[in-house]
Amino acid sequence: METIVFDIGETLVRDDRLWAAWADWLGVPPHTVSALVGAAVTQGRDSADALRVLRPGMDVTEAYGARVAAGRGDHLGERDLYPDVRPALAELRALGLRVIVAGNRSARAGELLRALDLPADLVVTSEEWGVAKPDHAFFERVLDVAGAPAHATLYVGDHPADDLFPARSCGLRAAHIRRGPYGHWWADHPDVTRTADWCVDALTDLPALIAADRTAGQGDDRTGPDAVHDGTPADTADPPAHNCPPLAGSR
Ligand SMILES: [Mg+2]
């Protein structure tokens, strides 16, 4: 493993304020938005569908533009970071890995993240690239900046359909984190446990897993994924019992 790339929402940062800001903009209680996001998550749908339930036909990009124009765009600061972010990224860098943050967020969110001076070599967002996950073109951009071949690049995210499946389809290795609504709900789904190279509970689980992987000499000799996905998990029923691959030391 040479490069590790992190999703942003609910991988590095908690999305409380993101959804609360939408609730405030739409004039509904935060819990209403959160509950609707949860409904979308369990159905494997885009979480932004929660907003479209409240405002049928809503163009989310356009609506976000209106928020920005009103001075009510994204806020992102140190308090939004999960507490394991800084220690995990620093330890991964100490292992000699190139650390990249690349996820679906606004350009403004990218500016705010870079201002946090994370221990990362590059921080970039989908709006800055002009392409968003799960589009495979996003992962091609990831590989453009990875400085490593796909099989030596690990993408880490909470969202099966946006992170895990397209990353693996593009030849990257992928880790799923049980964090946030998608991460918790889908962690035990067989499509996730079968597709993920690793399933973790915390970012600080990653350095030891990668170090062990290097020791085992598996970094350049992996087999292909059991299944290639390009959409939401096939079975959107109740998550089954957890059954993560044995590579996952933490879970
Ligand atoms: Mg995410």
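Residues numbered from 1 in each chain as written. Predicted model: local features only at pLDDT ≥ 70, side-chain atom pairs only at ≥ 80, totals over all residues.

J.: Explain the environment of His136 to me, please; I cannot follow it from the model alone.
T.: Along the chain, His136 turns up in helix H8 (residues 136-146). Remark: the alpha-carbon pair of His136 and Ala167, spanning 31 residues in sequence, is separated by 7.8 Å. (Helix = DSSP H or I, 4+ residues; strand = E, 2+ residues; numbered from the N terminus.)

J.: Would you mind going over unusual backbone geometry with me for this structure?
T.: The phi torsion of most residues other than glycine is negative, and most of the peptide bonds are trans. In this chain, Lys133 is followed by Pro134 through a cis amide linkage whose omega measures 10 degrees. For Pro134, the location among the structural elements is in the loop between helix H7 (126-129) and H8. The backbone of Glu10 sits at a positive phi, close to 65 degrees, despite the residue not being glycine. Inspection of the secondary structure puts Glu10 in the loop between strand E1 (3-6) and helix H1 (16-26).

J.: Quick question: what am I supposed to make of the packing of H1 against helix H2 (residues 30-42) here?
T.: Helix packing geometry: the angle between the two helix axes and the distance between the axes. Here H1 crosses H2 at 120 degrees, and the two axes come no closer than 8 Å. Judged by the angle between their axes, H1 and H2 are oblique. Viewed along their axes, H1 and H2 form a crossing whose handedness is right-handed. Of the residues in H2, those in contact with Trp19, Ala20, Trp22 and Ala23 of H1 are Pro30, Thr32, Val33, Ser34 and Val37. Across the contact of H1 with H2, the residue classes break down as 7 nonpolar, 2 polar and no charged. (Axes fitted to C-alpha atoms, helices over the stretch in contact; angles between N-to-C directions. Parallel < 35°, antiparallel > 145°, perpendicular 65-115°, else oblique. Left-handed = near helix turned anticlockwise from the far one by under 90°. Contact = placed C-beta atoms within 7 Å. Nonpolar A, V, L, I, M, F, W, Y, C, P; charged D, E, K, R; others polar.)

J.: How should I be thinking about the confidence of the model for the chain in this particular structure?
T.: Atom-level detail of predicted coordinates should not be read off regions where pLDDT is low. Per-residue pLDDT for the chain averages 89, and the proportion of residues at 70 or more is 86%. Predicted confidence for residues 221-251 stays below pLDDT 50, and this span has 61 contacts to residues more than four positions away or in other chains. (pLDDT = per-residue confidence, 0-100.)

J.: I would appreciate a short explanation of the environment of Cys199 in the present structure.
T.: Checked against the element boundaries, Cys199 lands in strand E6 (residues 198-200). On the neighbour-count criterion, Cys199 (25 C-beta atoms within 10 Å) is buried. With 11 residues separating them along the chain, Cys199 and Asp188 place their C-alpha atoms 9.5 Å apart. (Buried ≥ 20, exposed ≤ 12 C-beta atoms within 10 Å, placed from the backbone.)

J.: For this particular structure, what's the right way to read H8?
T.: Helical geometry: 3.6 residues make up each α-helical turn, so side chains three or four residues apart lie on a common side. Residues of H8 that are buried include every one of Phe138, Phe139, Val142 and Ala146, and no others. Seen along its axis, H8 keeps its buried residues to an arc of 95 degrees; they face one direction. Set apart from the buried face of H8 by more than 90 degrees, the exposed residues are Glu140 and Asp144. On its buried side, H8 packs onto E1, strand E2 (98-103), H7, strand E4 (153-157) and helix H9 (160-169). Following H8 by one or two positions, Gly147 has its phi on the positive side, about 70 degrees. (Arc of directions from axis to C-beta.)

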